[in-house]
Amino acid sequence: MKTALLIVLSLGLCALALVDPKEEVDFFVPQGWPKPRYNFENNPLSPEGFELGRSLFYDPILSKDSTVSCASCHLQYTAFAHVDHPTSHGVDSRVGKRNAPGLMNLAWAPYFHWDGGALSLNGQAVNPITHPDEMGSDLATVLSKLKRQKDYASAFKKVFGTEDIKTHHVLKALAQFTVSLVSYNSKYDQMKRKEVQFSEQEKKGYALFQQHCNQCHREPLFTNFEFKANGIGLNLALVDSGRANITGKDKDAFLFRVPTLRNVEYSFPYMHDGRFNKLKEVVGHYAQPADWNFPISSELQKKKYSMNSAQQKDLLAFLKTLTDRGFLFNPNFSYFSLVK
Ligand code: HEC
Ligand code: HEC
C-alpha cells in the first residue's frame, strides 16, 4: 500500500517536472543596494524567458512595417538610450516628443517614463509597440505575426507553456530582458567596494557631486526617482508639461523624473528633450546658476553656487567613473548573442 502511494506520488512529481521544465534564475542585487521593487513572483525570471525577451527586443517584427525594433531607440553601446536625434525616432521617420532614456536598473524604479506615466515594467512595452511615433503597430497584428513564426511559437511554449501567444506573454518576456539590465560595475562601484582607488581629480569631483547633485541624483542608483526641475527652462517647441500630464496638477507642471547618471558618459543626448549633446554642456549648465530658468526645484534654488572651470573638469571626471564597460559591452545583452 505504502509503495503504491510512493509510486503514485513520484509519478505525479515527474509529471510536474515535465509540465514546468524551465529553471528559474535568481536576480542579482548588488551589495549595499536597496531591495528591488519589481515583483518577480508575477514573472519569474528564467534563462529561456530572458532569451525570448532579448530576441523580441532586437526584432523589428514588433513595428507596423517591420523596420523599427526596441533596439532602434535603445542601443546597448549608449546604455540603451538612443543617439541619432534629440527626441526619439520611430516608424515612417516620425519623431517623438521625448528623448529615449537609457535602460538599466529598472527593477528598482517605482515608475517609468520622464513623467512617471507607466507604472509597471510588465505593461510598459504596450506604449512603444502601439505609439504612432514609435512602432505604430497594434497588439493583434503583433500576435499574429509572432504566431506565424515557428521559432517564436516554440520559444513561447517553452517559457509560458503555450503556443497560443497572448499579449501578456510578449510583454512579460520583454520585461524579463529589460529587468535583467543591471549596471553595477563601474569604477565608482569598484571604488566603493575598495577594489580600486579614485584619482585625485575623481575624488574632488565626487566631493562636488555629493555637495551639489546627490540630493536628486542619489547614490547608489543616482536618482531619487522624484519629479523635479533643474532650471534648463521650457522647450517652447515641444510644450511638454511633464509630470502634470499625468497628475493634472499645476504644482507638477514642467517637472520631470530625475534620471539616473549611471553610464551618463555614453547616454547622450541629455534631458527629456535631448537638448544637450555633450556632458560638458550639462555640467556647464549646473555651473552657472545665473543662467538658470524657471522652474527650479528647491534643492537647486537654495544654493546659488557656481563652479569654475577646474571644478567642472573634476565633476566631469567623477561622472565618467559611472561608466560600466562590462554593461555596455556585455555580450549577453547584445544583438550579436542572437546570431548563433
Ligand atoms: C521610437 C523610439 C522607441 C522605440 C522603438 C522604443 N522606445 Fe522605449 N522609450 C522611448 C522613449 C522616447 C521613452 C521615454 C518615454 C516617455 O518618457 O514618455 C522610452 C522609455 C522606455 C522605458 C522606460 C525607461 C525608464 O527609465 O523610464 C522602457 C522600459 C522602454 N522604453 C522599453 C522599450 C521596449 C521594450 C521597446 C520595444 C518594445 C521600446 N522601448 C521601443 C523610445 C522608444
Ligand atoms: C533638483 C534636483 C537636481 C539636482 C540637485 C541636480 N539634478 Fe541633474 N537632473 C535633474 C532633473 C529633474 C533632470 C532631468 C531634467 C529634464 O529632462 O527636464 C536632470 C538631468 C541631469 C542630467 C541628464 C541625464 C540624462 O540622461 O539626460 C545630467 C547629466 C545631470 N542632471 C547631472 C547633474 C549634476 C552633475 C548635478 C550636480 C551639479 C545635478 N544634475 C544636480 C534634477 C537634479
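Because the structure is predicted, anything quoted here is derived from the model rather than measured.

## Topic: the overall build of the chain
Secondary structure assignment for the chain yields 15 helices and 2 strands. A compact globule built from 340 residues would reach a C-alpha radius of gyration of about 20 Å, and the chain, at 22 Å, matches this within 12%. Across its three principal axes, the chain shows a C-alpha extent of roughly 85 × 50 × 40 Å. Within the span of the chain, comprising 340 residues, buried residues form 49% of the whole. For the chain, the proportion of contacts with a sequence separation of at least 24, taken over those separated by at least 6, is 68%. Only carbon and sulfur atoms are counted for the fraction: they give 56% of the accessible area of the chain, which is about 17300 Å². A distance of 3 Å separates the average location of the 40 positive side-chain charges in the chain from that of its 34 negative side-chain charges.

## Observations concerning the packing of helix α12 (residues 279-287) against helix α14 (residues 309-320)
Helices that pack against each other are described as a pair by the angle of their axes relative to one another and the distance between those axes. Viewed as axis vectors pointing N to C, α12 and α14 meet at an angle of 130°, and their least axial separation amounts to 10 Å. The angle between the axes of α12 and α14 places the two elements in the oblique class. Judged by the twist between their axes, the crossing of α12 over α14 is right-handed. Contacts from Leu279, Lys280, Val283, Gly284 and Ala287 of α12 reach α14 at Gln312, Leu315, Leu316 and Leu319. Taken together, the residues of the contact of α12 with α14 break down into 6 nonpolar, 2 polar and 1 charged.

## Points about the coordination of the iron atom of ligand 1
You will see that the iron atom of ligand 1 has only one donor from the protein, His74 (NE2), lying 2.1 Å away. Among the structural elements, His74 can be located in the loop between α3 (70-73) and α4 (121-124).

## Observations regarding the environment of Asn39
Within the secondary structure, Asn39 sits in the loop between α1 (2-19) and α2 (47-57). Considering only alpha carbons, one finds Asn39 and Leu121, 82 residues apart in sequence, at a separation of 9.7 Å. A distance of 2.9 Å separates a polar side-chain atom of Asn39 from the backbone nitrogen of Glu41.

## Here's the deal with helix α8 (residues 167-179)
Counted at 1.5 Å a residue, the expected span for α8 with its 13 residues is 18 Å, and the 18 Å between its end C-alpha atoms agrees. Burial runs high along α8: 10 of the 13 residues are buried. Those residues of α8 that sit buried are His169, Val170, Leu171, Ala173, Leu174, Ala175, Gln176, Phe177, Thr178 and Val179. In this structure, the buried residues of α8 make contact with α2, α3, α4, α5 (126-130), α6 (139-147) and α7 (150-160).

## Considerations on the site of ligand 1
Close to ligand 1 lie 25 residues; Cys70, Cys73, His74, Arg98 and His113 are nearest. The contact in question runs from a nitrogen atom of ligand 1 to an N or O atom on the side chain of His74, over 2.9 Å. In the environment of ligand 1, an oxygen atom lies 3.0 Å from a nitrogen or oxygen atom belonging to the side chain of Arg257. Elements represented by at least two residues in the shell around ligand 1 include exactly α3, α4 and α5. When grouped by side-chain class, the residues that make up the shell around ligand 1 number 14 nonpolar, 8 polar and 3 charged.

## Here's the deal with the coordination of the iron atom of ligand 2
Ideal values differ by geometry: the angle at a metal is 109.5 degrees with four tetrahedral donors, but 90 or 180 degrees with six octahedral donors. Taken together, His217 (NE2) and Tyr286 (OH) make up the full set of protein donors to the iron atom of ligand 2, lying 2.0 Å away. Geometry at the iron atom of ligand 2 is octahedral, judged from its 6 donor atoms and the angles of 86 to 179° they form at the metal. You can see His217 sitting in the loop between α10 (200-212) and β1 (227-228) and its partner Tyr286 sitting in helix α12, a full 69 residues away along the chain.

## A short note on the domain arrangement of the chain
When cut into domains, the chain gives domain 1 (21-183) and domain 2 (187-323). In this structure, domain 1 and domain 2 have C-alpha centres spaced 27 Å apart. Counting residues at the interface gives 30 residues for domain 1 and 29 residues for domain 2. When the buried area of domain 1 at its contact with domain 2 is split by residue, Lys97, Trp114 and Asp115 rank highest and sum to 27% of it.

## Looking at the nonpolar core
Counting 54 residues, the largest nonpolar core has Leu56, Phe57, Leu62, Leu146 and Leu174 as the members making the most contacts within it. The set of elements that each furnish at least two residues to this core consists of α2, α3, α6, α7, α8 and α15 (325-328). Top element by residues in this core is α8. It accounts for 7 residues. Built from parts of two domains, this core gets at least three residues from each of domain 1 (21-183) and domain 2 (187-323). If near-sequence neighbours (up to four positions away) are discounted, Leu146 is found in contact with Leu56, Ile61, Tyr152, Phe156, Ile165 and Val170. Core analysis: the next-biggest nonpolar cluster, separate from the first, contains 29 residues, Ile232, Trp292, Leu300 and Phe318 among them.

## Describing the site of ligand 2
The environment of ligand 2 is made up of 24 residues, and the closest members are Cys213, Cys216, His217, His272 and Tyr286. Contact distances for ligand 2 include 2.7 Å between an oxygen atom and a backbone N or O atom of Met271. The separation between an oxygen atom of ligand 2 and a polar main-chain atom of His272 is 2.6 Å. Put simply, the parts of the chain that give the shell around ligand 2 at least two residues each are α12 and α13 (298-302).

Thresholds, definitions, all that
- Residues numbered from 1 in each chain as written.
- Chains lettered and ligands numbered in written order.
- Predicted model: local features only at pLDDT ≥ 70, side-chain atom pairs only at ≥ 80, totals over all residues.
- Heavy atoms only, no water.
- Helix = DSSP H or I, 4+ residues; strand = E, 2+ residues; numbered from the N terminus.
- Rg over C-alpha atoms; globule rule 2.2 N^0.38 Å.
- Buried < 20%, exposed > 50% of the residue type's maximum accessible area, 1.4 Å probe, protein only.
- Contact = heavy atoms within 4.5 Å.
- Areas by Shrake-Rupley, 256 points an atom, 1.4 Å probe, with all protein chains shown as cover.
- Lys, Arg positive; Asp, Glu negative; His and termini not counted.
- Charge placed at Lys NZ, Arg CZ, Asp CG, Glu CD.
- Axes fitted to C-alpha atoms, helices over the stretch in contact; angles between N-to-C directions.
- Parallel < 35°, antiparallel > 145°, perpendicular 65-115°, else oblique.
- Left-handed = near helix turned anticlockwise from the far one by under 90°.
- Nonpolar A, V, L, I, M, F, W, Y, C, P; charged D, E, K, R; others polar.
- Donors = N, O, S within 2.8 Å, 3.2 Å for Na, K, Ca; no water.
- Polar contact = N/O pair within 3.5 Å; in protein donor to acceptor, adjacent residues only side chain to side chain.
- Expected span 1.5 Å × (residues − 1).
- Near = heavy atom within 4 Å.
- Tetrahedral: all angles 85-135°; square planar, octahedral: opposite > 155°, others 65-115°.
- Domains from an automatic or database assignment.
- Buried area = accessible area lost by both parts, 1.4 Å probe.
- Core = buried A, V, L, I, M, F, W, Y, C linked by side-chain atoms within 4.5 Å.

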